[in-house]
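Letter by letter, the chains look like this.
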Amino acid sequence: MKQDEIILSIETSCDETAVALIKNGTEILANVVASQIESHKRFGGVVPEVASRHHVEQMTVVTEEALQQAGLTMDDVTAVAVTEGPGLVGALLIGVNAAKALAFAHGLPLVPVHHIAGHIYANRLITEMKFPLLALVVSGGHTELVLMKEHGSFEVIGETRDDAAGEAYDKVARTLNLPYPGGPHIDKLAQNGEPVLKLPRAWLEPDSYDFSFSGLKSAVINTVHNAAQRGETIRPEDLAASFQASVVEVLVEKTARAAREYDVKQVLLAGGVAANQGLRKTLEERFSDLPQELVIPPLYLCTDNAAMIGAAGSVAYQKGQRADWALNGVPGLDLEAQ
């Protein structure tokens with residue numbers, strides 16, 4: 001009888017310390033996440049040095065909890081997978097060195113994983129991937145359309161030229177004096193507003209799948225300032241709804257157009273902003289009468305977690321990808337070079 005493959009995976013690319021145990025690439029045995037949002041809230045964003053120190057404090061506790069939750073010991077583990085990048089270099093180093101120590105101490109293979117590949121593979125924990133497929137990755141630092149023709153092959157066909165969608169959300173939230181992280185707060189406000197304000201949509205060149213959100217962010221800030229100078233008040237709910245409608249329309253339309261042009265079987269949503277209710281709802285409506293299967297992960301698999309790293313790590317392990325003890329955190333790691 002074939003022995004089960006158990007991957008212990010570690011994710012520390014930003015401000016979540018996460019460890020998971022994944023069986024045969026698709027089954028979550030444990031998925032423990034220690035979030036640091038409360039620590040960073042007062043700064044209005046993630047402070048890299050603070051994030052790294054928290055990872056050091058949490059790493060052992062989270063690893064032990066994950067093994068306990070899964071009812072396993074390190075003797076049951078087949079390989080250790082870890083986020084190599086991209087991310088905050090100090091934060092990445094904690095996870096990478098914890099993974100190296102575990103792999104070295106227990107004589108296990110060490111598997112490096114790209115953080116965005118992880119977000120995409122979160123979908124494999126829900127349903128099997130069907131190729132060719134298109135992934136819309138939307139997070140704090142990334143907004144891109146990724147074409148996959150087979151497991152472990154990534155072709156970026158469109159990406160942001162300036163701000164990522166998540167960055168734009170955080171900056172607009174600051175303008176509205178909303179707490180960090182801004183995305184969920186704007187999404188919540190938008191549910192109670194009407195998109196009545198005329199805000200730009202950056203479609204770029206007719207055949208481009210790239211994105212641009214800095215002009216929209218500036219338009220929102222100018223709208224708020226101009227209204228204040230005229231002594232007018234704009235309902236925050238309407239501003240949030242108008243901003244969100246602009247972001248979502250461009251993301252959804254470009255995804256639908258790329259899905260048609262590349263004739264994909266499946267469209268996957270991935271990344272932290274995949275938790276956005278407005279985006280999820282609009283994608284579902286747009287793809288309801290299209291031939292592609294739309295896969296949207298549950299909320300707990302959208303934000304940073306280690307289960308997704310285990311899912312991507314399983315594929316990398318099967319393909320024979322291994323790291324040696326010189327593995328380092330790479331803040332600008334290229335997805336297409338995987």
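Given the structure is predicted, the values throughout are model-derived calculations rather than measurements.

> I'm lost on helix α10 (residues 307–318) in this one. Help?
For an α-helix, 3.6 residues make a turn, and residues three or four places apart therefore share a direction. Here α10 spans 17 Å end to end across twelve residues, near enough to the 16 Å set by a 1.5 Å rise per residue. The element α10 is extensively covered by neighbouring structure, given that eleven of its twelve residues are classed as buried. Of the positions making up α10, those classed as buried are Ala307, Met308, Ile309, Gly310, Ala311, Ala312, Gly313, Ser314, Val315, Ala316 and Tyr317. Its buried side turned inward, α10 meets β1 (6–11), β2 (16–23), β3 (27–35), β4 (79–85), β5 (110–114) and α4 (115–121). Directly after α10, the chain includes glycine 320, whose backbone phi takes a positive value near 85 degrees.

> I keep staring at the UniProt feature "binding site: Fe cation" (unreviewed entry) in the chain and nothing clicks. Help me out?
When the UniProt feature table is mapped onto this chain numbering, "binding site: Fe cation" (unreviewed entry) sits at His115, His119 and Asp304. Spanning 190 residues, the named residues form one tight spatial group whose C-alpha atoms are at most 8.8 Å apart. Position of histidine 115 relative to the elements: it lies in helix α4. Residues in contact with histidine 115, not counting those within four places in the same chain, are Glu11, Ser13, Thr83, Gly85, Pro86, Asp304, Met308 and Ile309. At a separation of 3.3 Å, a polar atom in the side chain of histidine 115 contacts the side chain of serine 13.

> Just to check I follow, could you spell out the sheet that holds β5 for this structure?
Strand pairing within a sheet occurs via backbone hydrogen bonds; the two strands may be parallel or antiparallel. Spatially, the five strands line up as an open sheet ordered β3-β2-β1-β4-β5, and their pairing is mixed. At either end of the open sheet lies a strand with only one pairing partner, and these are β3 and β5. Ignoring which end each strand starts from, the neighbouring axes of this sheet average 20 degrees apart. In this sheet, β5 lies alongside β4 in parallel orientation, the contact comprising five bridges.

Reading the values: rules and limits
Residues numbered from 1 in each chain as written. Predicted model: local features only at pLDDT ≥ 70, side-chain atom pairs only at ≥ 80, totals over all residues. Heavy atoms only, no water. Helix = DSSP H or I, 4+ residues; strand = E, 2+ residues; numbered from the N terminus. Expected span 1.5 Å × (residues − 1). Buried < 20%, exposed > 50% of the residue type's maximum accessible area, 1.4 Å probe, protein only. Contact = heavy atoms within 4.5 Å. UniProt positions renumbered as here; feature names shortened; annotations may be inferred. Polar contact = N/O pair within 3.5 Å; in protein donor to acceptor, adjacent residues only side chain to side chain. Pairing = 2+ DSSP bridges. Axes fitted to C-alpha atoms, helices over the stretch in contact; angles between N-to-C directions.

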